[in-house]
Amino acid sequence: MTPSASKASQLKLTLTRRYRFAASHRLHSAKFTEEQNRRLYGKCSNPHGHGHNYVLEVTIAGPVDPSTGMIANLGDLDPFVRIQVLDPFDCKNLNEQVAEFRDCVPTTENVAREIFRRLQTFPNAHVERVRIEETSKNSFEVADEE
Amino acid sequence: MVRVTRKVEFSAAHFYHNANLSAEENRRIFGKCNNPQGHGHNYVLEVTVAGEPDPDTGMVLDLKELKDILEKEVMDRMDHRHLNYEVPELAGQIPTCENIAAMIWRLLEPRITKGRLDRVRLYESPDLFADCTAEAAEPAASQKETDRKAQEAGRRAWRDR
């Protein structure tokens with residue numbers, strides 16, 4: 001096995017994997033009055049909540065291991081993302097069932113930040129970007145600070 | 001600066017196997033992808049060229065030219081081929097998304113004479129893709145240290161879960 005040429009030249013490689021989860025949320029902040037919440041969040045503030053089919057993109061970066069041709073094995077990344085994010089978020093009420101959103105509005109900006117935080121401990125590669133599609137029309141991205 | 005992206009699709013077979021590892025290790029690392037009979041994908045390749053549009057033509061580069069380059073360098077080489085056996089540029093490498101993207105970058109980079117190659121994105125499936133770009137500056141030492149600590153904590157947590 002010759003060392004992967006990708007190591008030799010000045011190329012940067014990333015690998016992006018897409019995952020899906022469905023969850024409910026309600027945009028509502030205790031810092032505002034009911035009237036202010038309604039004005040600010042509109043339909044998203046409906047007291048009973050609503051849900052989305054979220055699509056999560058996780059991008060990892062790092063050297064390609066010449067013996068596997070991989071930045072990280074999906075056999076390691078998939079269970080890590082499942083345990084850190086999909087199991088705790090899928091088919092859950094984000095406001096009620098994810099501790100971090102007890103006092104933090106689960107806008108998809110905040111959900112993306114929380115997921116990015118949860119994935120930073122991936123042992124095998126650097127998670128440099130997280131992108132979430134809340135719907136096919138809205139997406140949110142968190143990455144390493146420039 | 002303007003980025004121009006052209007997409008092509010090719011279908012190819014591959015499997016993952018490292019002859020330096022035992023059969024057992026190959027199965028453990030590569031799982032189903034180690035099946036020696038191979039399997040295939042419909043790869044989707046997006047090639048992005050960046051540059052200033054020529055004031056006379058209004059184009060960064062002639063997309064017809066890019067289409068011809070992709071036809072010759074990518075389609076002729078890989079479409080309906082077995083990547084392990086029929087693509088000499090991948091000899092000695094595992095034909096993963098990462099390695100194929102890097103190989104395509106190396107083939108295309110010298111061929112792009114107007115603008116410069118900005119990104120090669122290769123989808124193995126709609127849910128998995130590799131991006132190849134020119135290496136950015138080294139991450140700051142503090143970022144590396146943060147990564148190292150986070151990864152160390154991750155290893156511990158993962159072991160003890």
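See the structure printed just above.
Every value quoted in this text rests on a predicted model; they were computed, and no experiment measured them.

Caption draft 1: Representation of the overall build of chain A. A count of helical and extended segments in chain A gives five helices and five strands. Helices and strands in chain A line up, N terminus first, as α-β-α-β-α-β-α-α-β-β. When the 146 residues of chain A are sorted by exposure, 36% land in the buried category. Long-range contacts, defined as pairs at least 24 residues apart, comprise 69% of the intrachain contacts of chain A with a sequence gap of at least 6.

Caption draft 2: Structural context of the pairing of strand E4 (residues 126–133) of chain A. All names here are of chain A. Relative to E4, strand E2 (residues 50–61) is paired through seven bridges, and the arrangement is antiparallel. Bridging across to E4, Val-58 finds its partner in Val-130. In terms of strand pairing, E4 meets strand E5 (residues 139–143) through five bridges, oriented antiparallel. Residue pairing for E5: Ile-132 is matched across the bridge by Phe-140. Between E4 and E5, which follow one another and run antiparallel, lie five residues.

Caption draft 3: Representation of unusual backbone geometry. Here the phi dihedral of Cys-91 of chain A falls at roughly 60°; this positive angle occurs in a residue that is not glycine. Residue placement: Cys-91 of chain A occurs in the loop between helix H3 (74–89) and strand E3 (92–93). With a phi angle near 60°, His-80 of chain B is a residue other than glycine that sits in the positive phi range. With respect to the element layout, His-80 of chain B can be found in the loop between helix H2 (63–78) and strand E3 (81–82). Among the residues examined, His-80 of chain B registers 11 C-beta atoms within 10 Å and is labelled exposed.

Caption draft 4: Quick peek at the environment of Arg-82 of chain A. For Arg-82 of chain A, the location among the structural elements is in helix H3. As for Arg-82 of chain A and Glu-114 of chain A, which are separated by 32 residues in sequence, their C-alpha atoms are 15 Å apart.

Caption draft 5: Local environment of the interface of chain A and chain B. Listed by partner, the interface residues are 27 residues for chain A and 32 residues for chain B. Looking at the side of chain A that touches chain B element by element, the count peaks at eight residues for strand E1 (residues 11–25) of chain A. Class assignment for the residues of the side of chain A that touches chain B results in 10 nonpolar, 14 polar and three charged. Across seven bridges, E1 of chain A lies against strand E5 (residues 128–134) of chain B in antiparallel orientation. Its bridge partner lying in E5 of chain B, Leu-15 of chain A is registered against Ala-130 of chain B.

Caption draft 6: Region of the structure containing the environment of Asn-26 of chain B. Residues and elements named next belong to chain B. Along the chain, the position of Asn-26 falls in helix H1 (residues 23–30). Taking the number of C-beta atoms within 10 Å as the measure of exposure, Asn-26 has 19 and is therefore partly exposed. With 15 residues separating them in the primary sequence, Asn-26 and His-41 have C-alpha atoms 20 Å apart.

Caption draft 7: Representation of H2 of chain B. All names here are of chain B. Under the 1.5 Å per step criterion, the end-to-end length of H2 is 21 Å for 16 residues, consistent within 8% with the ideal 22 Å. At Glu-71, H2 shows its maximal kink, close to 35°. All of the buried residues along H2 are Leu-66, Leu-70, Val-74, Arg-77 and Met-78. Taken together, the buried residues of H2 touch strand E1 (2–14), strand E2 (39–51), E3, helix H3 (83–86) and helix H4 (97–108). Positioned one or two residues after H2, His-80 has a phi angle of 60°, which is positive.

Cut-off values and rules
- Residues numbered from 1 in each chain as written.
- Chains lettered and ligands numbered in written order.
- Predicted model: local features only at pLDDT ≥ 70, side-chain atom pairs only at ≥ 80, totals over all residues.
- Helix = DSSP H or I, 4+ residues; strand = E, 2+ residues; numbered from the N terminus.
- Buried ≥ 20, exposed ≤ 12 C-beta atoms within 10 Å, placed from the backbone.
- Contact = placed C-beta atoms within 7 Å.
- Pairing = 2+ DSSP bridges.
- Nonpolar A, V, L, I, M, F, W, Y, C, P; charged D, E, K, R; others polar.
- Expected span 1.5 Å × (residues − 1).
- Bend = angle between axes of the 7 residues up to and from the residue.

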